[in-house]
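Residues per chain are reported as follows:
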Amino acid sequence: MDMMMVQITSIYFLSCLMVYSRAQIPDISSFECNDNAAPLDRTGVVLEHTVLQNSADKTWSLHYTISWPPPSCAIVCVYIVSLTFEDEDTTLESWNFTDCSAALQAYDEDAGNTEAEIVQVPTYEKEAPFTHRALLRIIYGSVSVFPTNSISVSPSVNIYFETPDCFASTNDSSFCSIQDVHRCGAPHSVEFVDATNAYGTVTLVFRWEAPIQINSMVELQEYRTEIVSNSDEIIATGLVPAAGNMVTWDSILSDVTVEAGQEYNLVVVPYVMSPPDSSPPVPGISASAAFTVGPIRDVTTETNSITNEQGPHSITNEQGPHSSTNKQGPHSITNENGPQIQTTPLTTMNSTRSDTSPVVILPGLVTIIIIIVVIVILSLVASLIFCVVSYKKRRGSSSPNSVTLDNL
């Protein structure tokens, strides 16, 4: 008798397994449920995407294939999966259900909750828009039919990610510039330009171009940057105003050491805001680029190699270790074998001008000319006075009164 019951039960289980493996489970919201299912292995979730071009109209499309390791289930597993994308009408919110009944309501055709889908295999496929924030949500249920229809529901897995930037994926600016985007796309052509060392302070220079996709309702405000080491240590941050299409950032590392030959990662995040809105800027799609610091160019040595009176590797310094006074004035360094090279003085308050400077000679020359002109004018006036006095004396000696006196 017991053997017969075991056989009947086995046949019933197998028949249920065949039915549930070939057809979608009907109305799981009506099943008795519990929260006894183990969590899904989040680390095993794999997101793969494919970019395809339509040969007829030359448009592009993005397709996602998502898979995860199947958990252990009583008879069969069912999965409730949702992949949503942020836009003006959709916000991204994690699933955090209070009980298994609420979890089963995530997909309920009668209630109109059709955003999620039910699948019976640990794979999910969906077309996605470029340049969007996305949220993947997965729960699974372990279905049992003995002694009654029941389902054990797992906690939700919530994975936030960004779909690929349109221009980075297609290199088609004409196509991407007319695609919908919630905020803005990623900066592109991010590159490391140079590394210099001036008096112990290292400066890394980077360059990138503004995003191709920018929502017409927002305004690009700024870029926030991070330089990250291989050990995920943030060694520098920056805030760069969004001005023009080509952007350059000089990262001055006064208290940080970077090593030539080491690889680092630059992360650039554009921030936008709606012009009428006074709220803080919000991030768009980020861009990142790995770079290796080559030989760090010592601009201190290059500057000091310009010769002056002290030799080929020195700068004449009369005001102390932080001034650059020399025979050519505070704004130049003399190169005996070539033209003057203009530099910015390290100290301007104590710098002095040389007697041979044209700026000093010109006012002195003008002063001398003025003095000479004044002397000439005074000489002419004195001569004129002398002539007048002499004339009056001669005139007085020949008057009639003088004659009468002589006759007497």
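As shown above, the structure is provided for reference.
Read on for an overview of the structure. (Residues numbered from 1 in each chain as written. Predicted model: local features only at pLDDT ≥ 70, side-chain atom pairs only at ≥ 80, totals over all residues. Heavy atoms only, no water.)

**Notes on the sheet that holds strand S11 (residues 201-209)**
Stated formally: In short, DSSP must find at least two bridges between two strands for them to pair. Secondary structure elements follow DSSP: runs of H or I of four or more residues count as helices, runs of E of two or more count as strands, with numbering from the N terminus.
Strand order in the open sheet made by the four strands is S14-S11-S10-S18, with mixed pairing throughout. One side of each edge strand has no neighbouring strand; the edge strands of this open sheet are strand S14 (246-253) and strand S18 (297-298). Alignment of strand S10 (residues 188-198) against S11, held across eight bridges, turns out to be antiparallel. Bridge pairing links Ala198 to Thr201 in S11.

**Structural notes on unusual backbone geometry**
Of note, the phi angle at Lys58 is positive, near 65 degrees, even though the residue is not glycine. The residue Lys58 is located in the loop between strand S2 (46-53) and strand S3 (60-67) in this model. A positive phi angle, close to 55 degrees, is found at Thr131, a residue other than glycine. The topology assignment puts Thr131 in the loop between strand S6 (123-128) and strand S7 (133-144).

**Overview of the sheet that holds S3**
Applied cut-off: Only the contacting stretch of a helix is used when fitting its axis, a line to C-alpha atoms as for every element, and angles between N-to-C directions run 0 to 180 degrees.
Taken together, the three strands give an open sheet; going across it, the order is S2-S3-S6, and neighbouring strands pair in antiparallel fashion. Of all strands in the sheet, those with a lone pairing partner are S2 and S6, marking the two edges. Mean inter-strand twist for the sheet, computed between neighbouring axes without regard to direction, equals 20 degrees. The pairing of S3 with S6 spans six bridges and is classified as antiparallel.

**Let's talk about the state of the cysteines**
So the rule is basically this: Count a disulfide wherever a pair of cysteine sulfur atoms falls within 2.5 Å.
Evaluated as defined, the whole model comprises three disulfides. Counting its disulfide-bonded cysteines in sequence order, the chain shows a connectivity of 1-4, 2-3, 5-6.

**Quick word on the packing of aromatic side chains**
Applied cut-off: Here a Phe, Tyr or Trp ring, Trp counted by its six-membered ring, pairs with any other such ring whose centre lies within 6.5 Å, and the pair is stacked when the planes are under 30 degrees apart, edge-to-face when over 60, and tilted otherwise. For a Lys NZ or an Arg CZ to count as sitting over a ring, it must be within 6 Å of the ring centre and within 35 degrees of the ring normal.
Taken as a whole and assessed by the stated rule, the structure comprises eleven aromatic pairs. Ring geometry for Tyr79 against Tyr140: centres 6.4 Å apart, planes inclined by 50 degrees, an arrangement best described as tilted. Pair noted here: Tyr79 is in strand S4 (residues 76-85) and Tyr140 is in strand S7, with a separation of 61 residues, a long-range link. An aromatic cluster is built from Phe192, Phe206, Trp249, Tyr264 and Phe291, whose rings are joined through pairwise contacts. Its guanidinium or amino end placed over the ring of Tyr271, Arg224 lies 3.9 Å from that ring's centre, counting from NZ or CZ.

Geometric values such as these leave the question of function open.
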